[in-house]
Amino acid sequence: MFEAPVAPAQKALDAEPAREPRAYEALVREIGEDGACEVREVFWSETCARLQLFRTLSLAQHHARIAREAHSLKSAAGTFGYVRLAALALTLERSAERLGDAEFRDLLDRMDAAYVAARAQEPR
């Protein structure tokens, strides 16, 4: 398989903001500060585990599971306003069956970077 330059759509995903703060504020209004904080901590823990899981799964053998896990990640990330991570998870969800190994690994690297960027933008 040959290496293709990053497509414009991929660059657009990487340009998405890492975090949309109003999403978390909306969650706080719905369930309160304590509840939102607890749920967000669970999200961070599960997301870290899910990103690690992706790296252990064979794309050829587990593309359906990878797509399901990506769907869950997309939904959770969207709830908290982690726009870039949600967009990349959507890309993985929709393309898991068609990706080559190099493209899969590149997408996982970009998802890891989006996770780190979102964590870095969290208020302390």
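Numbering of residues begins from 1 in every chain and follows the order in which that chain's sequence is written. Under the rules for a predicted model, residues below a pLDDT of 70 receive no local features and side-chain atom pairs below 80 are neither given nor counted, while totals for whole chains, interfaces and linings still include all residues. Computation of side-chain values covers all heavy atoms of the structure but excludes hydrogens and water.

Engineer: How should I be thinking about the nonpolar core in this particular structure?
Structural biologist: One recurring pattern in soluble globular proteins: nonpolar side chains tend to sit buried together. Think of a nonpolar core as a cluster: buried Ala, Val, Leu, Ile, Met, Phe, Trp, Tyr and Cys residues, connected wherever their side-chain atoms sit within 4.5 Å. Exposed residues in this analysis have more than 50% of their type's maximum accessible area, buried residues have under 20%, and partly exposed residues fall in between, with area computed by a 1.4 Å probe over protein chains only. Residues F54, L85, L92 and M111 are the most contacted members of the largest nonpolar core, which totals 30 residues. Whether two residues are in contact is decided by their heavy atoms: any pair within 4.5 Å suffices. Once residues lying within four places of it in the same chain are set aside, the contact partners of F54 are I66, E69, A70, L73, L92, F104, R105, L108 and M111.

Engineer: Just checking my understanding: could you explain helix α6 (residues 101–120) for this structure?
Structural biologist: Residues lying three or four places apart along an α-helix face the same way, a consequence of the helix completing one turn every 3.6 residues. Helix and strand labels come from DSSP, where a helix needs a run of H or I of at least four residues and a strand needs a run of E of at least two; each type is numbered from the N terminus. Expected helix span is computed as 1.5 Å times (number of residues minus one). With 20 residues, α6 should cover 28 Å at 1.5 Å per step; its first-to-last C-alpha distance of 29 Å lies within 8% of that length. Within the span of α6, buried status applies to F104, L107, L108, R110, M111, A114, Y115 and A118. Buried residues of α6 fall within an arc of 165 degrees about the axis and therefore sit on the same side. Of the residues in α6, the exposed ones pointing more than 90 degrees away from the buried face are D101, V116 and A120. Arc definition: it is the arc formed by the directions from the helix axis to the C-beta atoms.

Engineer: Where do I start with the confidence of the model for the chain in this structure?
Structural biologist: Detailed reading of the predicted coordinates is not advisable wherever pLDDT falls low. On average, residues of the chain score 87 in pLDDT, and 85% of them are at 70 or above. The secondary-structure element of the chain with the lowest mean pLDDT is helix α1 (residues 8–15), recorded at 54, while helix α5 (residues 83–95) shows the highest, at 97. The predictor rates its confidence in each residue with pLDDT, a number between 0 and 100. Throughout residues 1–6 the model reports pLDDT below 50, and contacts reaching past four residues in sequence, or to other chains, amount to five contacts.

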